[in-house]
Amino acid sequence: MRTAYQYKLRPNSDQIATIELWLELLRRQYNYRLGERFSWWSENLCPVNACPLVMPIPPLRDNPDYYSQKRDLVNTKDKFSEYKLIHSQVLQDCIKRVKLAFDRWFKADKNGQKLGKPRFKGIGRYRSFTYPQIKLDCIEENQINLPKIGKVKLIQHRPIPEGLTIKTVTISRKADGYYVTLSLEDKSVPALTTIVEPTLENTLGIDMGLKEFLVTSEGESVPIPQYYRSSQKRLKTLQKRLSRKKKGSKRWLKVVKAVAKQHKKVADKRKDFHFKTADELLSKAEVIAHENLNIKGLAKTRLSKSINDAGWGQFLSILTVKAENTGQKTIAVNPKNTSQDCSNCGKKVDKELSQRTHSCPHCGIAIDRDLNAAINIKNRAVGHSVLKARGSRRNTGAANREAHTIAPA
Ligand SMILES: [Zn+2]
């Protein structure tokens with residue numbers, strides 16, 4: 001089992017200077033290695049139908065890859081001695097990040113999603129570095145012993161559970177200070193392999209929407225927390241204040257920092273809300289069914305203005321990871337027509353987005369629109385077709401079953 005704990009750091013001014021120096025050097029290294037890979041591409045790519053007949057052939061170079069770039073770090077350290085200050089494994093991890101960014105550009109991950117072309121990082125945009133290995137006893141009495149940085153104070157707001165070993169350590173800069181993220185592994189707990197089969201009894205369908213955060217197939221609803229609106233207001237005031245300042249001035253910088261802090265505050269609150277909601281849902285049912293959301297597609301529609309859109313993806317990944325850890329399950333179902341189909345008789349009832357009740361002319365049922373969708377989602381996960389159950393041959397609720405897996409953040 002793999003999990004992550006994050007603590008706030010209280011580095012002294014020398015340590016902050018070291019961390020900032022490392023981040024800047026790593027940023028340059030990252031950009032250089034990215035440039036190395038890009039230039040190989042531009043030199044060696046030529047459309048077949050556009051290859052000039054006479055062409056100077058540049059000396060062939062090997063395609064820079066993870067290993068060659070890692071070997072080349074010796075030369076970097078030779079030319080720029082300041083790189084010797086950085087812990088060697090941290091520096092190697094920077095090369096690994098280049099590799100990952102490049103790989104994700106060409107190859108899709110297990111969810112079939114590709115990332116865009118890697119980008120060079122501007123000043124201040126390289127925000128974290130990782131020790132891929134660390135001594136087991138690096139944490140003692142509210143201090144973490146980081147190689148080449150020294151003992152840094154940390155606020156251990158919760159202890160690391162017994163039996164967990166620290167695998168990697170990541171130091172990151174955020175709007176309100178520095179944080180350490182420990183990736184922990186527990187070998188004594190084997191990954192749960194019990195497979196829960198969704199049934200009508202143990203499954204809960206959820207429909208996520210703009211009016212309510214979600215509505216369950218039992219008719220319960222979780223409202224959108226109020227703080228979203230108040231913190232949005234505060235953000236707006238800050239943005240207004242920012243627009244009145246001269247860009248680059250001291251006062252401008254002060255407001256920029258306040259904006260970043262406010263964003264972090266909202267994000268922290270949202271995450272907390274997501275964790276609590278996920279806990280509550282998982283205490284109610286063994287299997288949670290939700291729509292297979294195309295977040296990227298949603299972002300292009302008018303729904304993107306919604307203050308929720310950023311939240312759904314995070315909520316679903318938290319829910320999925322939590323479910324896996326406790327041997328429960330989440331199922332993503334085909335979202336097509338979940339709000340149009342009748343959950344009682346299966347016939348399609350067209351309705352506008354503004355129509356809040358589902359009233360079926362075929363069977364006479366009249367229920368809340370979101371509840372109707374949640375029940376449809378549940379039925380699809382279970383593979384229970386309304387019509388099949390009623391002895392008809394038409395199968396509208398063919399379940400599109402697919403385990404929803406998002407790697408832990
Ligand atoms: Zn009906």
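Computed from a prediction, not measured in an experiment: that's the story for all the values here. (Residues numbered from 1 in each chain as written. Predicted model: local features only at pLDDT ≥ 70, side-chain atom pairs only at ≥ 80, totals over all residues.)

Caption draft 1: Seen up close, the overall build of the protein chain. Helix and strand content of the protein chain: ten helices and 14 strands. Here the protein chain holds 409 residues, and 23% of them are scored as buried. For the protein chain, restricting intrachain contacts to residue pairs at least 6 apart in sequence, the fraction spanning at least 24 positions comes to 66%. (Helix = DSSP H or I, 4+ residues; strand = E, 2+ residues; numbered from the N terminus. Buried ≥ 20, exposed ≤ 12 C-beta atoms within 10 Å, placed from the backbone. Contact = placed C-beta atoms within 7 Å.)

Caption draft 2: Region of interest: the sheet that holds strand β2 (residues 128–131). The sheet built from seven strands is open, its strands ordered β2-β6-β7-β1-β5-β4-β3 with antiparallel pairing. The open sheet has two free edges, formed respectively by β2 and β3 (139–140), since each of these has just one partner strand. Alignment of strand β1 (residues 2–10) against strand β7 (residues 177–185), held across seven bridges, turns out to be antiparallel. Residue pairing for β7: Thr 3 is matched across the bridge by Leu 184. Sitting on the sheet, helix α1 (residues 13–44) touches β2, β5 (150–155), β6 (165–174) and β7, and the angle it makes with β2 is about 95 degrees. (Pairing = 2+ DSSP bridges. Axes fitted to C-alpha atoms, helices over the stretch in contact; angles between N-to-C directions.)

Caption draft 3: Molecular detail of the environment of Ala 374. Relative to the helices and strands, Ala 374 is located in helix α9 (residues 369–382). Classification of Ala 374 as buried rests on a count of 31 C-beta atoms within 10 Å. As for Ala 374 and Ser 217, which are separated by 157 residues in sequence, their C-alpha atoms are 4.6 Å apart. Residues within four places of Ala 374 in sequence aside, it is in contact with Gly 205, Ile 206, Asp 207, Val 215, Thr 216 and Ser 217.

Caption draft 4: Quick peek at the packing of α1 against helix α4 (residues 88–106). Two numbers describe how α1 lies on α4: the axes approach to 9 Å, and their chain directions differ by 45 degrees. Judged by the angle between their axes, α1 and α4 are oblique. The interaxial crossing formed by α1 with α4 has right-handed handedness. Here Leu 26, Gln 29, Tyr 30, Arg 33, Leu 34 and Arg 37 of α1 come into contact with α4, specifically with Leu 91, Cys 94, Ile 95, Arg 97, Val 98 and Phe 102. Split into classes, the residues belonging to the contact of α1 with α4 amount to eight nonpolar, one polar and three charged. (Parallel < 35°, antiparallel > 145°, perpendicular 65-115°, else oblique. Left-handed = near helix turned anticlockwise from the far one by under 90°. Nonpolar A, V, L, I, M, F, W, Y, C, P; charged D, E, K, R; others polar.)

Caption draft 5: Broad picture of the sheet that holds strand β9 (residues 214–216). Taken in spatial order, the five strands of this open sheet run β10-β9-β8-β11-β12, and their pairing is mixed. Of all the strands in the sheet, the pair left with one neighbour each is β10 (221–222) and β12 (329–333). Of the pairings in the sheet, the one linking strand β11 (residues 287–291) to β12 comprises five bridges and is parallel in character. Note that in β12 the partner of Ala 289 across the bridge is Ile 331. The strands that helix α6 (residues 250–284) touches are β8 (203–208), β10 and β11; relative to β8, the one it contacts most, it runs at about 150 degrees. Along the sheet, α9 contacts β8, β9, β11 and β12; its crossing angle with β8, the most-contacted strand, is approximately 135 degrees.

Caption draft 6: Highlighting the pairing of β8. Among the six residues in β8, six count as buried, and that is most of the element. What you see with β8 is no split at all: Thr 203, Gly 205 and Asp 207 on one side and Leu 204, Ile 206 and Met 208 on the other are buried throughout. Inspection of the sheet shows β8 paired to β11 by three bridges, in the parallel sense. Looking across to β11, one finds that Leu 204 is bridged to Ile 288.

Caption draft 7: Here's a closer look at the packing of helix α5 (residues 227–244) against α6. Taken N-terminus to C-terminus, the directions of α5 and α6 make an angle of 165 degrees; their axes are 9 Å apart at the nearest point. Considering the angle they form, α5 stands roughly antiparallel to α6. The element α5 and its partner α6 pack so that their crossing is left-handed. Contact with α5, carried on its side by Tyr 227, Ser 231, Arg 234, Leu 235, Leu 238, Gln 239, Arg 241 and Leu 242, involves Trp 252, Val 255, Val 256, Ala 258, Val 259, Gln 262, Lys 265, Val 266 and Lys 269 of α6 and no other residues of that element. Of the residues contributing to the contact of α5 with α6, the split by class is ten nonpolar, three polar and four charged.

Caption draft 8: Seen up close, the pairing of β1. Bridging between β1 and β5 involves three bridges; their strand directions are antiparallel. Residue pairing for β5: Lys 8 is matched across the bridge by Ile 155.

Caption draft 9: View of the nonpolar core. By size, the foremost hydrophobic cluster in this structure holds 28 residues, and its most contacted members are Ile 206 and Ile 288. Taken together, the elements giving at least two residues each to this core come down to β8, β9, α6, β11, α8 (309–325), β12 and α9. Here the element with the most residues in this core is α9; it accounts for seven residues. In contact with Ile 288, not counting residues within four places along its chain, are Leu 204, Ile 206, Leu 281, Leu 282, Leu 319, Ala 323 and Thr 330. In this structure, Leu 25, Leu 26, Cys 94 and Ile 171 belong to the second largest nonpolar core, which totals 26 residues. (Core = buried A, V, L, I, M, F, W, Y, C linked by C-beta atoms within 7 Å.)

Caption draft 10: Region of the structure containing the confidence of the model for the protein chain. Confidence in the prediction of the protein chain, expressed as mean pLDDT, is 83, and 83% of residues score 70 or more. In the model of the protein chain, helix α10 (residues 386–389) stands out as the element of lowest mean pLDDT, 44, in contrast to β2, which has the highest, 96. Note on residues 387–409: pLDDT under 50 across the span, and 43 contacts to partners over four residues away in sequence or across chains. (pLDDT = per-residue confidence, 0-100.)

Caption draft 11: Representation of α9 in the model. With 14 residues, α9 extends 20 Å from end C-alpha to end C-alpha; this agrees with the ideal 20 Å at 1.5 Å per step. Counting buried residues along α9, 14 of its 14 residues qualify, which places the element largely inside the surrounding structure. Within two residues after α9, Gly 383 carries a phi angle of roughly 80 degrees, on the positive side. (Expected span 1.5 Å × (residues − 1).)

Caption draft 12: Geometry of the environment of Lys 96. Mapped onto the elements, Lys 96 comes out in helix α4. In this structure the C-alpha to C-alpha distance between Lys 96 and Gln 69, which are 27 residues apart in sequence, comes to 9.4 Å.

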